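These are the residues of each chain, in order.
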Amino acid sequence: MAVLTAKAESSSGFQIDELAPSGDYVATCIDIADEFSVPRKKYQSEEMEDIDVTRFLFGLKAQDGRLYKVQTFEMKISGSPKSSLYKFLTAWLGKAPEYGWDYCTLKGQGAVISVEHVVSQMGTTYPKIARITPAKTSLADYSAQIIPIEQFAQPQAPTPVAPASPTPTPSAVASAPAPWNPQAGSEADCPF
């Protein structure tokens, strides 16, 4: 008897319904999602390995007063100073994180993020966190502008529809591009 099983891949992240506007914002870390034993090809190899990954979800209030969500790319859970996660946490904290520290304690904490729009090869526009800094530094203190995490769980009241703008709006919104699969994708779809 043959049994079909779902391919174990990481998710594409958190459900985000609206494209966050680009710009610099004081943001709140709403959630952190860890996924364990995600199969991936080793770098420059056909061999597979299981890795642990994480991503962060931030909430922000735009100039129009509406609340938006934006997430990081998936990052390998690694304490190596060369890893994306270590660099991300160092930029957010303003110092290197201590080994053995649980980064999930950052849920509900604030940061200043720069959001950029990126268009995938498939034509989908999604927001990307380009930079992150602490909400409070020796030069500036934005901690009073951090939005409580509870506000992002509440449904927002509908906002009046603005007149059509002359700039085209993206037709497809995604929170992050789907992971590329070399067995299913063509060379034209390869992100590298």
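Residue indices begin from 1 for each chain and proceed along its sequence in written order. Reporting of local features is limited, given that this is a predicted model, to residues whose pLDDT is at least 70; pairs of side-chain atoms are given and counted only at 80 or more, and all residues count toward the totals for whole chains, interfaces and linings. Excluded from the side-chain calculation are hydrogens and water; included are all heavy atoms of the structure.

Caption draft 1: Representation of the overall build of the chain. The helix count covers DSSP runs of H or I at least four residues long, the strand count covers runs of E at least two residues long, and both are numbered beginning at the N terminus. When its secondary structure is counted, the chain shows 1 helix and 6 strands. Helices and strands appear in the chain in the N-to-C order β-β-β-β-α-β-β. Within the chain, the fraction of its 192 residues that count as buried is 32%. Residue contacts follow a heavy-atom distance rule, with two residues in contact if any of their heavy atoms lie within 4.5 Å. Summarising the internal contacts of the chain: among those between residues at least 6 apart in sequence, 60% fall at separations of at least 24. For the area figures, the Shrake-Rupley method with a 1.4 Å probe applies, and any residue is considered shielded solely by the protein chains shown. Here the chain has roughly 12,500 Å² of accessible surface; of this, 54% comes from carbon and sulfur atoms. Note on exposure labels: buried denotes an accessible area under 20% of the residue type's maximum, exposed denotes more than 50%, and partly exposed covers the range between, all computed with a 1.4 Å probe on protein chains only.

Caption draft 2: Up close: the side chain of Thr-28. Within the element layout of this structure, Thr-28 appears in strand 1 (residues 23–41). Under this definition, polar contacts are N or O atom pairs within 3.5 Å; protein pairs additionally need one hydrogen-donor-capable and one acceptor-capable atom, and for neighbouring residues in sequence, both atoms have to be side-chain atoms. Polar side-chain contacts of Thr-28 include one of 2.7 Å to the backbone oxygen of Ile-147. In contact with Thr-28, other than residues within four places in its own chain, are Leu-57, Phe-58, Gly-59, Gly-108, Gln-109, Gly-110, Ile-146, Ile-147, Ile-149 and Phe-152.

Caption draft 3: Here's a closer look at the pairing of strand 1. As paired strands, strand 1 and strand 5 (residues 110–119) are joined by 6 bridges and run antiparallel to one another. Across the sheet, the residue bridging to Thr-28 is Gly-110, located in strand 5. At least two DSSP bridges between two strands are needed for those strands to be called paired. Pairing between strand 1 and strand 2 (residues 48–61): 12 bridges, direction antiparallel. Across the sheet, residue Ala-33 finds its bridge partner in strand 2, namely Arg-55. Between the antiparallel neighbours strand 1 and strand 2 lie 6 residues, among them Gln-44 with a positive phi of about 55°.

Caption draft 4: How the structure looks around the pairing of strand 6 (residues 125–134). Alignment of strand 5 against strand 6, held across 9 bridges, turns out to be antiparallel. By the bridge assignment for strand 6, Glu-116 is matched with Lys-128. With antiparallel pairing between neighbouring strands as the criterion, strand 5 and strand 6 make up a hairpin whose turn holds 5 residues, including Gly-123 at a positive phi of roughly 90°.

Caption draft 5: Representation of the nonpolar core in the model. Take the buried Ala, Val, Leu, Ile, Met, Phe, Trp, Tyr and Cys residues and link them wherever side-chain atoms come within 4.5 Å; each set so joined is a nonpolar core. The biggest cluster of nonpolar side chains holds 23 residues, and the ones touching the most others in it are Phe-56, Phe-58, Leu-60, Phe-88, Leu-89, Trp-92 and Ile-113. One finds Phe-14, Ile-30, Leu-57 and Phe-152 within the second-largest nonpolar core, a separate group that totals 7 residues.

Caption draft 6: View of the pattern of salt bridges. Definition used for salt bridges: Asp or Glu carboxyl oxygen within 4 Å of a side-chain nitrogen of Lys or Arg. This structure, assessed with the given rule, holds 6 salt bridges. Among the salt bridges present, the one from Glu-47 reaches Lys-42, with a minimum N-O distance of 3.2 Å. Counted as one network, the salt bridges with shared partners bring together Arg-40, Arg-55 and Glu-74.

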